[in-house]
Amino acid sequence: MALVVVGLFVFGLRRRLIQRSGGTFDASLRWDAPEQGDSNGKGWAYGVARYNGDRVEWFRVFSYSPRPRRILERSAIEVAGRRVPEGEEELALLSDHVILVCLHRGTRLELAMSEDALTGFLAWLEAAPPGQRVNVA
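Quick caveat, the model's predicted, so the values are computed rather than measured. (Residues numbered from 1 in each chain as written. Predicted model: local features only at pLDDT ≥ 70, side-chain atom pairs only at ≥ 80, totals over all residues. Heavy atoms only, no water.)

Structural notes on the packing of aromatic side chains
Here is the rule: Planes of paired rings set the category: under 30 degrees apart is stacked, over 60 is edge-to-face and the rest tilted, where pairs are Phe, Tyr or Trp rings (Trp by its six-membered ring) whose centres lie within 6.5 Å. Each ring is checked for a lysine NZ or an arginine CZ that lies within 6 Å of its centre and within 35 degrees of its normal; such an atom marks a charge sitting over the ring.
Following the criterion strictly, the structure yields four aromatic pairs and no others. By way of ring pairs, the aromatic residues Phe25, Tyr51, Phe121 and Trp124 are connected into one cluster. Above the plane of the ring of tryptophan 31 lies arginine 70, whose end atom (NZ or CZ) is 4.1 Å from the centre.

As for unusual backbone geometry
We count it as follows: Each helix is a run of DSSP H or I of at least 4 residues and each strand a run of E of at least 2, with the numbering of both proceeding from the N terminus. Type-normalised accessible area, obtained with a 1.4 Å probe on protein chains alone, sets the label of each residue: buried when under 20%, exposed when over 50%, and partly exposed for intermediate values.
Positive phi is not limited to glycine here, since aspartate 32 has a value of about 55°. Inspection of the secondary structure assignment puts aspartate 32 in the loop between strand E2 (28-31) and strand E3 (47-52). In this model, arginine 105 sits at a positive phi of 55°, which is unusual for a non-glycine residue. Locating arginine 105 in the fold gives a position in the loop between strand E7 (97-104) and strand E8 (107-114). Residue arginine 105 is classed as exposed on the basis of its relative accessible area of 57%.

Describing the sheet that holds E2
Here is the rule we go by: The pairing criterion for strands is at least two bridges between them, as found by DSSP. To obtain each axis, a line is fitted to C-alpha atoms, and for helices this fit is confined to the stretch in contact; angles are then taken between N-to-C directions over 0 to 180 degrees. By definition, residues are in contact when any of their heavy atoms lie within 4.5 Å.
Spatial strand order, E2-E8-E7-E6: four strands in an open sheet with antiparallel pairing. Strand pairing shows two members of the sheet lacking a second neighbour, E2 and strand E6 (77-83), which therefore form its edges. Geometrically, the sheet is characterised by an average inter-axis angle of 25° between neighbouring strands, direction not taken into account. As paired elements, E2 and E8 share four bridges and run antiparallel to each other. Directly across from arginine 30, in E8, lies its bridge partner glutamate 110. Where helix H3 (residues 115-126) meets the sheet, it contacts E6, E7 and E8, and its direction lies at approximately 130° from that of E8.

Geometry only, nothing functional implied.
Below, the structure written as structure tokens:
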């Protein structure tokens with residue numbers, strides 16, 4: 001029983017440390033996502049994303065690692081579109097989330113986040129320093 005309590009405490013402590021610097025939002029991620037039209041809900045991982053300069057660091061929620069699982073560089077992100085969850089995805093994702101379809105260095109990925117987080121993410125993408133190419137559809 002004590003191990004379970006300690007495990008839950010470490011999860012909570014890790015999340016607080018990630019969020020401590022601010023600029024975080026809840027975001028599910030599907031890396032190497034299938035082509036559009038495949039809404040089986042598989043491959044989604046729940047996580048927390050954090051802005052860090054010209055990068056977004058994505059951390060799995062159910063992990064003890066202090067390091068981000070994925071790092072997305074602003075200059076390498078291409079937004080291909082957005083959509084609402086369909087089919088089994090509606091069960092795999094939080095109810096108010098929308099899906100942003102992106103390419104990052106040739107890898108197709110999908111980020112599911114709230115409308116507010118999406119607005120902030122798109123504003124962050126468009127706020128790239130002068131001379132940096134950003135593709136927002």
